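# Chain and residue survey
Listed below, chain by chain, are the residues.
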Amino acid sequence: MPLANPLPKNPKVVADDAPSGPEYLEQLRAIGLRAGLHTVGVAPATTMHRALAQLHDREERGLVNDMKFTFLRPERSTNPSAHVEGAQSVIVGVRSYAIDDEDATHSTSPLARIARYAWVDHYAHLKDSLSVVAARLRNDGHRAVVYADDNAVVDRETAWLAGIGWYGHNANILLPGHGSFFVIGCVVTTAVLPIGEPIADGCGTCNRCVPACPTNAIIEHGVIDANRCLSWLLQKPGIFDVQYRVALADRIYSCDDCQTVCPPTRRGPRVDSAEVLQKDVDVLAWLALDDDALNEQCSRWYVHNRNMAWVRRNLLIVLGNVGDPTQAAVVDTVRRYLSHEQPELRAHAVWTASRLGLGAFLDFTDNNEMVQNELNHLPALREDL
């Protein structure tokens, strides 16, 4: 949802004396940079026909895997003017999350890894910065609405149209000299501003991100198969596809392997952060929390319908991949989830027990179809492992 009501008390779309043009853009850019944005550009507020065609193409080819987001209403998410009456420009701003902190966490308990963009709430800071720009626009008589991480606008396409960066093989926007460690947002406004132009592809012959993907989800330049992408599989409700559970390894929220191997991203400058970084979580501790406490711990994350079963499901898979079956706490946790009231969690606990070699716990029957399916596949699972 937009951060603020864009409608001024004056019924006019734009005040008669509202500023516009190149000089005004430079003023807005300076405001945005002072507010914490790394780069500011401008895209047109017209329909993004290329992005619209791509959204339909991915859907038709079966690459979406029930993912909603900007796929839910593509005609709207690719048309900024549908959100703001009289929109003329889309001011695009990005914020770096290339935090320079590689210190490893030392723990005797199994840990689950968080992707870099979620170490702190970068989107909250991005929205704050964009809101400063929007406030100036509204004060000057324009309509202006902030969009960031809300799926109302295809933000990567706006960044490409604004000339901020190019699309990499991994479908991320890469900024020249910096790479892809950026969150993207925008302000849709009635201000008439100079429009940027897309820049040339900077990947050249490099395709290191393609083999780096643990599930081979990058199937073409800029095309991701959401049936394989771990970032989406972690968020999708239901049974986690068994063929990708081992590949998940210790990841609990998103996957950035295709970015961490990218040369421009690896060479790009790092930024400092005074905030506490949440780079990983204690698997056993989180699995012991009740739903309210667990929801509070991951309040910044996207979780389908805020149903903590999907977070627990993911934790159980990580536990199967990195847990030590000789630790009593690991064994107790697996035993507890094998009798959990939710069948989805019992089903994944069966996989976890088998993965850890705790087969003695699996000599039982369960009439639930999901659990029975896991039990029926145990011989094949052991063979695969």
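Structure: above.
In short, a report on the structure. Here the structure is a predicted model, which means the values were calculated and not measured.

### Some details on the overall build of the protein
- Of the regular secondary structure elements, the protein holds 17 helices and eleven strands.
- In terms of overall dimensions, the protein is globule-like: its C-alpha atoms have a radius of gyration of 23 Å, near the 21 Å expected for 385 residues.
- Dimensions of the protein, computed from the C-alpha atoms along their principal axes, are close to 75 × 50 × 45 Å.
- Burial statistics for the protein: of 385 residues in total, 50% are counted as buried.
- Restricting to contacts in the protein with at least 6 residues of sequence separation, those with at least 24 account for 75%.
- Counting every atom, the protein has about 17,800 Å² of accessible surface; 49% of that belongs to carbon and sulfur.

### As for the layout of surface pockets
- There is about 490 Å³ of room inside the second largest pocket.
- In terms of residue class, the lining of the second largest pocket is built from nine nonpolar, six polar and five charged.

### Topic: the sheet that holds strand E4 (residues 144-147)
- If you walk across this open sheet you meet the four strands as E1-E2-E7-E4, and the pairing is antiparallel. Bordering the open sheet on either side are strand E1 (39-44) and E4, each of which pairs with just one other strand. In this sheet, adjacent strand axes meet at a mean angle of 25° when their direction is disregarded.
- As paired elements, E1 and strand E2 (residues 89-96) share six bridges and run antiparallel to each other. When the sheet's bridge partners are listed, Val42 is paired in E2 with Ile91.

### Observations regarding the sheet that holds strand E11 (residues 280-282)
- Strand order in the open sheet made by the three strands is E10-E3-E11, with mixed pairing throughout. If you trace the sheet from one side to the other, it starts and ends with strand E10 (251-253) and E11, each paired once. Adjacent strand axes in the sheet meet at a mean angle of 40° when their direction is disregarded.
- The sheet contact formed by strand E3 (residues 111-114) and E11 spans three bridges and is antiparallel.

### With respect to the pairing of E2
- Of all the eight residues making up E2, eight are buried; the element is thus mostly covered by neighbouring parts of the structure.
- Burial along E2 is two-sided: Ser89, Ile91, Gly93 and Arg95 facing one way and Val90, Val92, Val94 and Ser96 facing the other are all buried.
- In the sheet, E2 pairs with strand E7 (residues 182-189) via eight bridges, with the strands oriented antiparallel. Opposite Val90, over in E7, you have Val188 as the bridge partner.

### A closer look at the packing of helix H1 (residues 21-34) against helix H4 (residues 122-139)
- Direction vectors running N to C along H1 and H4 enclose 145°, while the axes themselves pass 8 Å from each other. Relative to H4, H1 is oriented so that their crossing is right-handed. Contacts from Tyr24, Gln27, Leu28, Ile31 and Gly32 of H1 reach H4 at Val132, Val133, Arg136 and Leu137.
- In terms of residue class, the contact of H1 with H4 is made up of six nonpolar, two polar and one charged.

### Looking at a positive patch on the surface
- On the surface, Arg208, Arg266, Arg267 and Arg270 cluster together into a patch of positive charge.
- Relative to the elements of secondary structure, Arg267 occurs in helix H10 (residues 263-267).
- Under the relative-accessibility criterion, Arg267 is labelled exposed at 65%.

### Here we look at the packing of helix H13 (residues 308-322) against helix H15 (residues 343-355)
- In contact at an axis separation of 8 Å, H13 and H15 are set at 10° when each is read in the N-to-C sense. One element, H13, and the other, H15, form an angle in the roughly parallel class. Where H13 abuts H15, its residues Ala309, Trp310, Arg312, Arg313, Leu316, Ile317, Leu319, Gly320 and Asn321 lie against Glu344, Leu345, His348, Ala349, Trp351, Thr352 and Arg355.
- Split into classes, the residues belonging to the contact of H13 with H15 amount to eight nonpolar, four polar and four charged.

Cut-offs applied
Residues numbered from 1 in each chain as written. Predicted model: local features only at pLDDT ≥ 70, side-chain atom pairs only at ≥ 80, totals over all residues. Heavy atoms only, no water. Helix = DSSP H or I, 4+ residues; strand = E, 2+ residues; numbered from the N terminus. Rg over C-alpha atoms; globule rule 2.2 N^0.38 Å. Buried < 20%, exposed > 50% of the residue type's maximum accessible area, 1.4 Å probe, protein only. Contact = heavy atoms within 4.5 Å. Areas by Shrake-Rupley, 256 points an atom, 1.4 Å probe, with all protein chains shown as cover. 1 Å grid on protein atoms, 1.4 Å probe; cavity = no way out; pocket = protein on both sides within 12 Å on 5 of 7 lines; lining within 4 Å. Points joined across faces, edges and corners; volume = space filled by probe spheres on them. Nonpolar A, V, L, I, M, F, W, Y, C, P; charged D, E, K, R; others polar. Pairing = 2+ DSSP bridges. Axes fitted to C-alpha atoms, helices over the stretch in contact; angles between N-to-C directions. Left-handed = near helix turned anticlockwise from the far one by under 90°. Patch = residues over 30% accessible without salt bridge, like charges linked within 9 Å, V, L, I, M, F, W, Y side chains within 5 Å. Salt bridge = Lys/Arg side-chain N within 4 Å of Asp/Glu carboxyl O. Lys, Arg positive; Asp, Glu negative; His and termini not counted. Charge placed at Lys NZ, Arg CZ, Asp CG, Glu CD. Parallel < 35°, antiparallel > 145°, perpendicular 65-115°, else oblique.

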